[in-house]
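Examining the three-dimensional arrangement
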Amino acid sequence: MSALTSPLRPKRSKLLTGVMVLYLLYTIVPLAWLLLSTTKTQDDLLSTPGLWFGKSFAFFSNIKDTLTYNDGIFLRWLGNTVLYVVVGAGGATLLATAAGYGLAKYKFAGRRAVFAVLLGAVAVPGTALAVPTFLMFSNLGLTNTVWAIIIPSLVSPFGLYLMWVYATDAVPGELLEAARIDGAGEVRVFFTVALRLLAPGIVTTLLFAMVSTWNNYFLPLIMLSKPNLYPLTVGLTQWSNQATGVGARPIYNLVVTGSLLTIVPLVVAFLLLQRFWQSGLSAGSVK
Amino acid sequence: MAESVAHQHVARAGATGRRRRVFKDGKGWLFVGPFLAVFALTFLAPIGYAIYLSLYRNQAFFGGTVFVGLDNYTQALQDPKFWEAFARVAVFLVVQVPVMLVLALLAALAIDSARLHAAGFFRIVIFLPYAVPGVVAVLMWGYIYGDNFGLAANLNDLLGTTAIQPLSSSWMLPSIANIVTWEFVGYNMLIFYSALRTVPGELYEAAAIDGAGTFRTILAVKLPALRGAIVIATIFSIIGSFQLFNEPNILRTLAPNVITTYYTPNMYAYNLSFAGQQFNYSATIAIVMGVITAVIAYVVQLRGSREAL
Amino acid sequence: MKSQWRRVRQLVVAGTALTALAVVAACGGGSSNDSASGGTTTGSADAVDAALKAGGEITYWSWTPSAQAQVTAFMKQYPNVKVNYVNAGTGNDHYTKLQNAIKAGSGAPDVAQIEYQALPQFALPGSLVDLNQFGFSQYESAYTASTWGAVHAGSGLFGLPQDSGPMALFYNKEVFDKYGIAVPKTWDEYVAAAKKLHAANPKSYITNDSGDAGFTTSMIWQAGGQPFKTDGKNVTINLQDDGSKKWTGMWNQLVQGGLVSNIPGWTDEWFKALGDGTIATLPTGAWMPGVMESSVKAGAGKWAVAPMPTYDGQPATAENGGSTESVIKQSKNPALAAAFVRWLNHDEGVKPFLASGGFPATTADLKDPAFVDKASAYFGGQKINQVLTSAAGQVVKGWSYLPYELYANSIYGDTVGKAYQSKSDLNAGLTAWQEALVKYGNEQGFQVNG
């Protein structure tokens, strides 16, 4: 886990761990509420204290109900979200990595302008752009289709910045030179040399893109009016709103359980990707 | 982002020094092109349309659409609601962003330091808040901030007071800052952590040989390596603060009188558009806000990269 | 190698051109105000029955819990017709999508649920189909006077009433008995009860009010106020008329005296408070029993229903909530859509709706002894519908909403909210609200007096 640090293996510090545990508690309290709430029935949610268990342990029945409510639409929403994330976040990472690499390692006319335009565009609040985007997509016939979600998720300006900075620092020009001299084309150089060095940055970008696409709410809400295309966020909000108004039938227990189930794939992705933070070191390559 | 202007080809593999070699031709477009194409469709086109909209005024019921030139902009710059919202996010930014980034930096340094027990566990748990979907946020923070049945109420009872009222107007901004910090420390920590992971081992070896202890290593090796990441994280956080929307919106159902429809500039633009059907003025507010944010972010970026050399 | 990047550069240029095209297309399509891309909407009473026979496919947007059951029953009865039921969101989410689709000129459903206070906002710009052309005015006698008025905007008829919400006083009998409070018949008695309750138990409140525009407008309605008058392009707003002042004179005592809880409605804490006696009464619409049965299980057996308190002791109430279904102009088959609306709210669709807990707008159901004399287990065996159906007949006449009521309600917290927060005079808040509404109306092309 820490092979890259100094040959003198530092001792594990209990003090440091203790301080971090304090911060951890701060992080965990709301998460504990979430976890405990998934063990309660709807009635228990309203009548028992938040940070302890309810009168009965309904964790497994909640999961079952969440997966089967309304003919199992939760699974459909889950499938939609996976599709949007795999194509959207995957595509976003690829585009951002390539573009960051290009901006960092190539000098061409308009480079500064690209940066300025990017910054300017990201600085405009997205919610006010929702209606123009909707009208545009409507004219292109894309609303109420999966493309309305996927195409906007392909652009991750933050991912681009991240990759730009990492590429500047982590990919030495000499390596690229060496590969070119050996006769590789630009794309070959990118895939064989740069990608490996950029791995930690790519993993971070991918993770962020995954989380933000997975939790994307506002744009799907505007673009979609067919419930069987909804991602989980919009679907769960619909369940949550069942608690309001005439004929209300709250199912908060399914909402919290659904939210927990929503987080699990992200945690799994995190755990799977984290070993890539260990690799990608350019140790020794310059010598 | 510093540009060096080396033109010579390296004669053989393994040149000395760490000067950056860049190619002075348009091959960069090969890599940047795909991103820019989608970017143009999803960002530039709507912004262009928004600019177009901001030059008109539409009367939703009678009278149709009228060209008004820069009238919307003059109105926006004199709009007390806009400036109240702007002042609010500016104050928020100045306080919350440094606190959050310092926490994230300390966490990243701690996790990278190899002195922590179970660093991997800390890493994922601190990241988790960022992954929690917004739909539960109302329920979750409604419980924590609830001063009738929630955690705040329990704390009040414990301390025998009624002073803790997170949803009152004097506490509201700190309450929002708390939510944002909770959500994003993990996010920023990961940016710093992955930057630290690219530091080559030789630098640590060299520092150890020079006799540097923990803190000197941090100052001399880790922090300089983090320079770029810190600049990015600062810029993201500034932009995020100016665009504050989700968290106040979450608390709006719980405190509808404290959080107005113009609590932040982004909320103002949103409500103008969706509740009031005033798309033109909404676009104007968005553009004005965008310009101010871009200018400030650009200044930060320039300052950050100048020192990077 | 050079051709490689040149080709890419061509792609980028093409992409930009496509973008520019998209922008132009969006500008062209999006800036038009009305969006009648559906068929022409002249028809007759026969057209509706003919459309049912001919069959077809329509889309229906609604968030009522019974909608799916109704759609299934309808399709069973008319196998020729396919109805796509979509829950596009609740309340404002639904209206936002509807407004966006109308503005874009495509994507709107054939039939959409629209609450009474939102109806003018869609009807006046011409987004809804006038059902008079299908002879629907013949159904007037089937509905209560107040709901029939609620589905009209100007002279047009834009839906058939689905349900109604005449207000009554829901009170926690257990709490009243505990503190020896009599059921108030007048508002003066109500205020006195509020004081007595709060003095006896400072954690208990007579009701909650954190600023709900729908509640305020209904209360002004009950007090005889008519703050909003619309005549074509002319709008008059007076939130300080006699009725408004009557209400604020009474309600100010509660707000300024700290006698109402500030828990916002429809939140977790609100459901809890209703269950444990923290909130002792709810002056609200007749649809509340269904909500309490499913959401406030802790209150079972403790609550009861009484007529709304009034200012002079004579029966009077207002409507709070309720919706209709309307046909959107974009619809390609308005006759079939109208047929579906008729089935939903006039014919066989009414029964499933009532079964799911809705409160009827149809006079026949309101008089039906099976309905009226039903004893409610939740309300301790009380025959609550006797109170509620009488209330339906006691609604004060002459009320109308603003043509932009949805917007008005959205800025209520901005303006009147300050009065609630600082526990100060509601009149000042109402005046601020009025100023904002006048400004908005003028900006949208109305001539607003106020």
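A quick note: this is a predicted structure, and the numbers were derived from the prediction, not measured.

Summed over the entire model, instances satisfying the criterion amount to 10 salt bridges over all chains. A salt bridge links Glu443(C) to Lys439(C), with the nearest nitrogen and oxygen atoms 3.5 Å apart. Taken as a pair, Glu443(C) and Lys439(C) lie in helix H21 (residues 426-443) at a separation of 4 residues, close to a single helical turn. Classification of Glu443(C) as partly exposed rests on a relative accessible area of 24%. Several salt bridges share partner residues, and in doing so they unite Asp112(B), Arg197(B) and Lys222(B) into one network.

A contiguous nonpolar patch, built from Val91(B), Val94(B), Val95(B), Val99(B) and Leu103(B) and spanning about 410 Å² of accessible area, is present on the exposed surface. Along the polypeptide, Val94(B) turns up in helix H3 (residues 80-112).

Turning to the pairing of strand S9 (residues 228-231) of chain C, a few remarks are in order. The two faces of a sheet get side chains in turn, since along a regular strand they alternate between them. Residues and elements named next belong to chain C. Direction of pairing for S9 relative to strand S10 (residues 234-237): antiparallel, over a ladder of 4 bridges. Following the sheet pairing, Asp231 is matched in S10 by Asn234. What sits between the antiparallel neighbours S9 and S10 is a turn of 2 residues, in which Gly232 has the positive phi angle 65°.

Every contact between the two is made by 120 residues of chain A and, on the other side, 113 residues of chain B. Taken together, the two surfaces of chain A and chain B that pack against each other cover about 10700 Å², and 75% of this comes from carbon and sulfur. On inspection of chain A and its partner chain B, the count reaches 0 salt bridges. Run the count over chain A and chain B and you get 13 residue pairs in polar contact (both at pLDDT 80 or more). With 15 residues, helix H1 (residues 14-37) of chain A is the largest single contributor of residues to the side of chain A that touches chain B. By residue class, the composition of the side of chain A that touches chain B is 83 nonpolar, 25 polar and 12 charged.

All names here are of chain C. Of all residues in chain C, 90% attain a pLDDT of 70 or more, and the chain-wide mean is 89. The element-level mean pLDDT for chain C is lowest in helix H1 (residues 2-30), coming to 50, with strand S7 (residues 167-172) highest at 97. This stretch, residues 24-41, has a pLDDT under 50; its non-local contacts, to residues over four places away or in other chains, come to 34 contacts. This prediction of the complex comes with two scores: 0.87 for pTM and 0.84 for ipTM.

Tallied over the full model, the rule gives 77 aromatic pairs over all chains. Consider the rings of Tyr56(B) and Phe67(B), whose centres lie 5.3 Å apart with planes at 75°: the pair is edge-to-face. Here Tyr56(B), found in strand S2 (residues 56-59), pairs with Phe67(B), found in strand S3 (residues 64-67); they are 11 residues apart in sequence, far enough to count as distant. An angle of 55° between the planes, with centres 5.9 Å apart, marks the rings of Phe359(C) and Phe371(C) as tilted. One end of the pair, Phe359(C), is in the loop between helix H14 (350-355) and helix H15 (363-367); the other, Phe371(C), is in helix H16 (residues 369-372), with 12 residues separating them in the sequence. The exposure classification of Phe359(C) matches that of Phe371(C), with both residues buried. Ring pairs connect the aromatic residues Trp221(C), Phe228(C), Trp399(C), Tyr401(C), Tyr412(C), Tyr420(C) and Trp433(C), which therefore count as one cluster. The ring of Tyr263(B) has Arg88(B) lying over it, and the distance from NZ or CZ to the ring centre is 4.1 Å.

Turning next to the packing of helix H5 (residues 137-145) of chain B against helix H6 (residues 151-159) of chain B. All names here are of chain B. H6 packs onto H5 with a crossing angle of 10° between their chain directions and a minimal axis gap of 4 Å. Considering their axes alone, H5 and H6 lie roughly parallel with respect to each other. Where H5 approaches H6, its residues Tyr143, Ile144 and Tyr145 are matched on the opposing element by Leu151, Ala152 and Asn154. Broken down by class, the residue content of the contact of H5 with H6 amounts to 5 nonpolar, 1 polar and no charged.

Here the focus is the packing of helix H9 (residues 186-214) of chain A against helix H12 (residues 252-273) of chain A. Residues and elements named next belong to chain A. It is at 11 Å that the axes of H9 and H12 come closest, and there the two elements cross at 175°. Classified by the interaxial angle, the pair formed by H9 and H12 is roughly antiparallel. Only Thr262, Pro265, Leu266, Ala269, Phe270 and Leu273 of H12 make contact with H9, whose side of the interface consists of Val203, Leu206, Leu207, Met210, Val211 and Trp214.

Residue and element names in this part refer to chain C. Across the sheet, which stays open at both edges, the 5 strands sit in the order S2-S1-S3-S14-S6 with mixed pairing between neighbours. Strand pairing shows two members of the sheet lacking a second neighbour, strand S2 (81-86) and strand S6 (160-161), which therefore form its edges. In terms of strand pairing, strand S1 (residues 56-61) meets S2 through 6 bridges, oriented parallel. Bridging from a neighbouring strand, Ile58 pairs with Val83 of S2. On the sheet, helix H4 (residues 92-104) packs against S1 and strand S3 (111-115) and is oriented at approximately 130° with respect to S3.

It is worth spelling out the interface of chain C and chain A at this point. Between chain C and chain A, the residue contacts involve 31 residues of the former and 32 residues of the latter. Approximately 2800 Å² of surface area, both sides summed, lies buried where chain C meets chain A, with 61% of it carried by carbon and sulfur atoms. Applying the counting rule to chain C against chain A returns 1 salt bridge. Ionic pairing is found between Lys297(C) and Asp43(A), a salt bridge with its closest N-O pair at 3.7 Å. Joining chain C to chain A, the criterion identifies 4 residue pairs in polar contact (both at pLDDT 80 or more). Broken down by secondary-structure element, the contributors of at least two residues to the side of chain C that touches chain A are H1, H4, helix H11 (268-276) and helix H12 (288-295) of chain C.

A few words on the sheet that holds S10(C). Residue and element names in this part refer to chain C. Here 3 strands make up an open sheet; going across it, the order is S9-S10-S15 and the pairing mixed. Among the strands making up the open sheet, the edge pair consists of S9 and strand S15 (447-449). If you compare each strand with its neighbour and ignore which way they point, the axes differ by 15° on average. Along the sheet, H21 contacts S9, S10 and S15; its crossing angle with S15, the most-contacted strand, is approximately 160°.

Moving on, we come to the environment of Val95(B). Mapped onto the elements of the fold, Val95(B) is located in helix H3. The spacing of Val95(B) and Gln78(B) is 17 residues in sequence and 26 Å in space, taken between C-alpha atoms.

So, on to the confidence of the model for chain B. Confidence in the prediction of chain B, expressed as mean pLDDT, is 85, and 90% of residues score 70 or more. Residue range residues 1-20 of chain B is modelled with pLDDT below 50. Its contacts to residues more than four positions away, or to other chains, number 35 contacts.

Residue and element names in this part refer to chain C. With a phi angle near 65°, Trp266 is a residue other than glycine that sits in the positive phi range. Within the secondary structure, Trp266 is located in the loop between strand S11 (260-261) and H11. Residues other than glycine seldom take positive phi values, yet Lys423 does so here, at roughly 55°. Relative to the helices and strands, Lys423 is located in the loop between helix H20 (417-422) and H21. Residue classification places Lys423 among the partly exposed positions, given a relative accessible area of 45%.

How each quantity is defined
Residues numbered from 1 in each chain as written. Chains lettered and ligands numbered in written order. Predicted model: local features only at pLDDT ≥ 70, side-chain atom pairs only at ≥ 80, totals over all residues. Heavy atoms only, no water. Salt bridge = Lys/Arg side-chain N within 4 Å of Asp/Glu carboxyl O. Helix = DSSP H or I, 4+ residues; strand = E, 2+ residues; numbered from the N terminus. Buried < 20%, exposed > 50% of the residue type's maximum accessible area, 1.4 Å probe, protein only. Patch = residues over 30% accessible without salt bridge, like charges linked within 9 Å, V, L, I, M, F, W, Y side chains within 5 Å. Areas by Shrake-Rupley, 256 points an atom, 1.4 Å probe, with all protein chains shown as cover. Pairing = 2+ DSSP bridges. Contact = heavy atoms within 4.5 Å. Buried area = accessible area lost by both parts, 1.4 Å probe. Polar contact = N/O pair within 3.5 Å; in protein donor to acceptor, adjacent residues only side chain to side chain. Nonpolar A, V, L, I, M, F, W, Y, C, P; charged D, E, K, R; others polar. pLDDT = per-residue confidence, 0-100. Phe/Tyr/Trp six-rings, centres within 6.5 Å; stacked < 30°, edge-to-face > 60°. Lys NZ or Arg CZ within 6 Å of the ring centre and 35° of its normal. Axes fitted to C-alpha atoms, helices over the stretch in contact; angles between N-to-C directions. Parallel < 35°, antiparallel > 145°, perpendicular 65-115°, else oblique.

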